[in-house]
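Listed below, chain by chain, are the residues.
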Amino acid sequence: MALTGLFFLFYLLVHMYGNLMILMGPEAFDEYAHHIRTIGEPMVPEKGVLWVMRIGLLASLVLHVWAAVTLWRRAGQARTNRYVMKRKGYGNFYAKAMRWGGLAILLFVVFHILHLTTHTISIGEPQPTPSQRVVESFSQWWGVLIYVVAMVAVGLHLLHGIWGAAMTLGLNTSLKRAEQIRFVSILVATIIVVGFLIPPFAILLGLVP
Amino acid sequence: MRLALRIWRQDGPQHTGQMVRYDIDGVSEDSSFLEMLDLLNEQLIHKGEEPVAFDSDCREGICGTCGVVINGEAHGPERTTTCQLHMRSFKDGDEIVIEPWRADPFPVIKDLVVDRSSFDRIIQAGGFISANTGSAPDAHATPVRKEDADRAFMAAECIGCGACVAACPNASGMLFMGAKITHLGELPQGQPEREARVVSMTEQHDHEGFGGCTNLGECTRACPKGIPMNVISQMNADLRRAGFGAR
Ligand code: HEM
Ligand code: SF4
Ligand code: FES
């Protein structure tokens, strides 16, 4: 759970960096989109690196979901009689947020691949280049809205996920350490959410050519 | 004080239970929560009704026998045991919902009383050290670093009440288990069995049907002794040392 989750986090950071390229104009972004398909050529075939990444992500996803489902099922079996009254707070909130939120992110990823990788779904008019597809999609307010909702779900998931990964890896060794881990999870989650949302809003507000 | 109580009533392990409402008057703010229940039971007996079964022993917060979920919080609103909770933490006219610890490894025996022998079996699986019999060794024969001793004492505060399981959305027993593992693992006497301990205790824990930790922290919040979550991280670190992978 921790290792696959951290691999996703690494991927998100790379992905976010790539998305920010759109601020430097459509050529830079299209060049980048082309480049990730040709990294290592001719030593590795076209889309070689991309496919290694895709397979890695898929394998991680399977393991991540398998672990989550196991924990969910065990929790259900460990308390078959529910409480009449439950405290409201961090734990009870994230117990739901991680599971339903994780499911929401999964649905978003499917939608997202159909949208920008296979171009099966288009937001606005279909467009020929990656940069034009992105600009067209985020010129629609509802296109931005879908991505905002998804990023909030990702942010919440990371907020608790990074903390949880540190716990599992045995990094929480003192009260002071716990505070530092909390701080890092808030920082990283914020960077990811803000970083991913800069391009959509920049486009919506007409700041990207 | 006048209170409206809603209490879980269940005849036995094989029965289904339900919440029953009781109105009670004349409760002193200075009485403890359990004394309030004693008062209720006297009135019930007077009326010829079955008194509410609940557990307690020391009534001074050290044995871990008492413990009910009050308004959705294990041991109620204060950081203490149910027996050390006082009625001044409530207001006149309050409605108070009282339930037993709810976790399948803690089956209800009657009303608010649960069977926590699953905790005993976890201790039997590894919560011990081996020592030679004979005359007691000198107190200073095995030096212990101050920091290690402090952490061991901190973890040793756990009284095995089970509030961590009751509060956990996964009904996991890992705060309790982590406390025992940290307590013994910080001391030189705990080293020989350290790796075997964490493995067999974890296996027993899972075998008893407790859930897995998802690092939510409801346990720490409910713990009357304030055992911190880093004991769970310590358990994970020891598991890794013993050759078990990350989950
Ligand atoms: C505002 C946020 C995001 C934007 C603008 C965005 C944009 C894109 C674009 C343009 C592509 C296609 C790249 C290409 O065809 O060359 C892509 C692919 C992808 N994105 Fe995102 N993305 C966002 C957030 C996310 C998030 C949060 C996740 C995961 C949790 C994610 C997961 C993926 C995946 C799995 C792919 C497919 C990779 C592949 O081609 O195998 N994206 N994204
Ligand atoms: S860790 Fe705290 S809540 Fe859990 S059994 Fe020990 S004293 Fe009770
Ligand atoms: S009765 Fe002993 S801790 Fe409450």
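Definitions and limits used
- Residues numbered from 1 in each chain as written.
- Chains lettered and ligands numbered in written order.
- Predicted model: local features only at pLDDT ≥ 70, side-chain atom pairs only at ≥ 80, totals over all residues.
- Heavy atoms only, no water.
- Buried < 20%, exposed > 50% of the residue type's maximum accessible area, 1.4 Å probe, protein only.
- Helix = DSSP H or I, 4+ residues; strand = E, 2+ residues; numbered from the N terminus.
- Pairing = 2+ DSSP bridges.
- Near = heavy atom within 4 Å.
- Nonpolar A, V, L, I, M, F, W, Y, C, P; charged D, E, K, R; others polar.
- Patch = residues over 30% accessible without salt bridge, like charges linked within 9 Å, V, L, I, M, F, W, Y side chains within 5 Å.
- Areas by Shrake-Rupley, 256 points an atom, 1.4 Å probe, with all protein chains shown as cover.
- Salt bridge = Lys/Arg side-chain N within 4 Å of Asp/Glu carboxyl O.
- Lys, Arg positive; Asp, Glu negative; His and termini not counted.
- Charge placed at Lys NZ, Arg CZ, Asp CG, Glu CD.
- Polar contact = N/O pair within 3.5 Å; in protein donor to acceptor, adjacent residues only side chain to side chain.
- Contact = heavy atoms within 4.5 Å.
- Buried area = accessible area lost by both parts, 1.4 Å probe.
- Donors = N, O, S within 2.8 Å, 3.2 Å for Na, K, Ca; no water.
- Tetrahedral: all angles 85-135°; square planar, octahedral: opposite > 155°, others 65-115°.

Labelled according to an unreviewed UniProt entry, chain A appears under the name Succinate dehydrogenase subunit C, originating from Ornithinimicrobium cerasi.

Novice: Hey, could you run me through the pairing of strand β1 (residues 3–9) of chain B in this one?
Specialist: All names here are of chain B. Counting buried positions along β1 gives six out of seven residues, so the element sits mostly inside the fold. As paired strands, β1 and strand β2 (residues 18–24) are joined by seven bridges and run antiparallel to one another. In the strand pairing of β2, Ile7 is matched with Val20. Sheet topology places β1 next to strand β5 (residues 95–99); four bridges connect them, and they run parallel. Its bridge partner being in β5, Leu5 is matched across the sheet by Ile96.

Novice: How should I be thinking about the environment of Met43 of chain A in this particular structure?
Specialist: Residue and element names in this part refer to chain A. Within the secondary structure layout, Met43 lies in the loop between α2 (26–38) and α3 (48–78). A relative accessible area of 79% means that Met43 is categorised as exposed. Residues Met43 and Trp142 lie 99 residues apart in sequence; the distance between their C-alpha atoms is 42 Å.

Novice: For this particular structure, what's the right way to read the site of ligand 2?
Specialist: Residue and element names in this part refer to chain B. Near ligand 2 there are 13 residues, and of these Cys158, Cys161, Gly162, Cys164 and Cys223 occur at the shortest range. Within the residue set of the shell around ligand 2, elements represented by two or more residues are α4 (163–167) and α5 (174–185). Residue classes in the shell around ligand 2 are distributed as 11 nonpolar, two polar and no charged.

Novice: Quick question: what am I supposed to make of a positive patch on the surface here?
Specialist: Judged by side-chain charge, Arg82, Lys86, Lys88 and Lys96 of chain A come together as a positively charged surface patch. Residue classification places Arg82 of chain A among the exposed residues on the basis of a relative accessible area of 67%.

Novice: Explain the site of ligand 1 here, please?
Specialist: Residues and elements named next belong to chain A. Inspection of the region around ligand 1 gives 19 residues, with His15, Arg37, Arg54, His112 and Met151 positioned closest. Arg37 has a polar side-chain atom sitting 3.0 Å from an oxygen atom of ligand 1. Contact distances for ligand 1 include 3.5 Å between an oxygen atom and a backbone N or O atom of Leu116. Elements that contribute at least two residues to the shell around ligand 1 include exactly α1 (2–20), α2, α4 (90–117) and α6 (141–168).

Novice: What exactly am I supposed to notice about the interface of chain A and chain B here?
Specialist: Think of interface size as the accessible area that goes away when the parts come together; that is how it is often given. In this complex, chain A contributes 37 residues to the contact, which on the side of chain B involves 43 residues. A combined buried area of about 3100 Å² lies between chain A and chain B, and 51% of that area is made up of carbon and sulfur atoms. Looking only at chain A, the three residues that lose the most surface to chain B are Arg74, Tyr83 and Arg87 of chain A, adding up to 22% of its buried area. Taken together, the connections running from chain A to chain B amount to two salt bridges. For Arg74 of chain A, the salt bridge goes to Asp206 of chain B, with nearest N and O atoms at 3.0 Å.

Novice: Please clarify how the pattern of salt bridges should be interpreted in this entry.
Specialist: Residue and element names in this part refer to chain B. Scanning all chains against the criterion turns up 20 salt bridges over all chains. In this structure, Glu50 engages Lys110 in a salt bridge whose closest nitrogen and oxygen atoms are separated by 3.2 Å. Of this pair, Glu50 sits in the loop between α1 (33–46) and β3 (69–70) while Lys110 sits in strand β6 (residues 108–110); the two residues are 60 residues apart in sequence, bridging distant segments of the chain. The class for Lys110 is partly exposed, based on a relative accessible area of 23%. Salt-bridge contacts for Glu73 lead to Arg221; the nearest nitrogen and oxygen are separated by 3.1 Å. Of the two residues, Glu73 is situated in strand β4 (residues 73–74) and Arg221 in helix α7 (residues 218–222); the sequence distance between them amounts to 148 residues. Here the residues in one salt-bridge network are Arg145, Glu147 and Asp148, joined through shared partners.

Novice: Explain the coordination of the iron atom of ligand 1 to me, please; I cannot follow it from the model alone.
Specialist: By definition of the ideal shapes, four donors in a tetrahedron about a metal sit 109.5 degrees apart, and six donors in an octahedron sit 90 or 180 degrees apart. Residue and element names in this part refer to chain A. On the protein side, the iron atom of ligand 1 has His15 (NE2) and His112 (NE2) as donor atoms, found 1.9 to 2.1 Å from it. One can describe the donor arrangement at the iron atom of ligand 1 as irregular, given that its six donor atoms subtend angles of 73 to 179° at the metal. Separated by 97 residues along the polypeptide, His15 in helix α1 and His112 in helix α4 bring together distant segments of the chain. For His112, a relative accessible area of 19% corresponds to the buried category.

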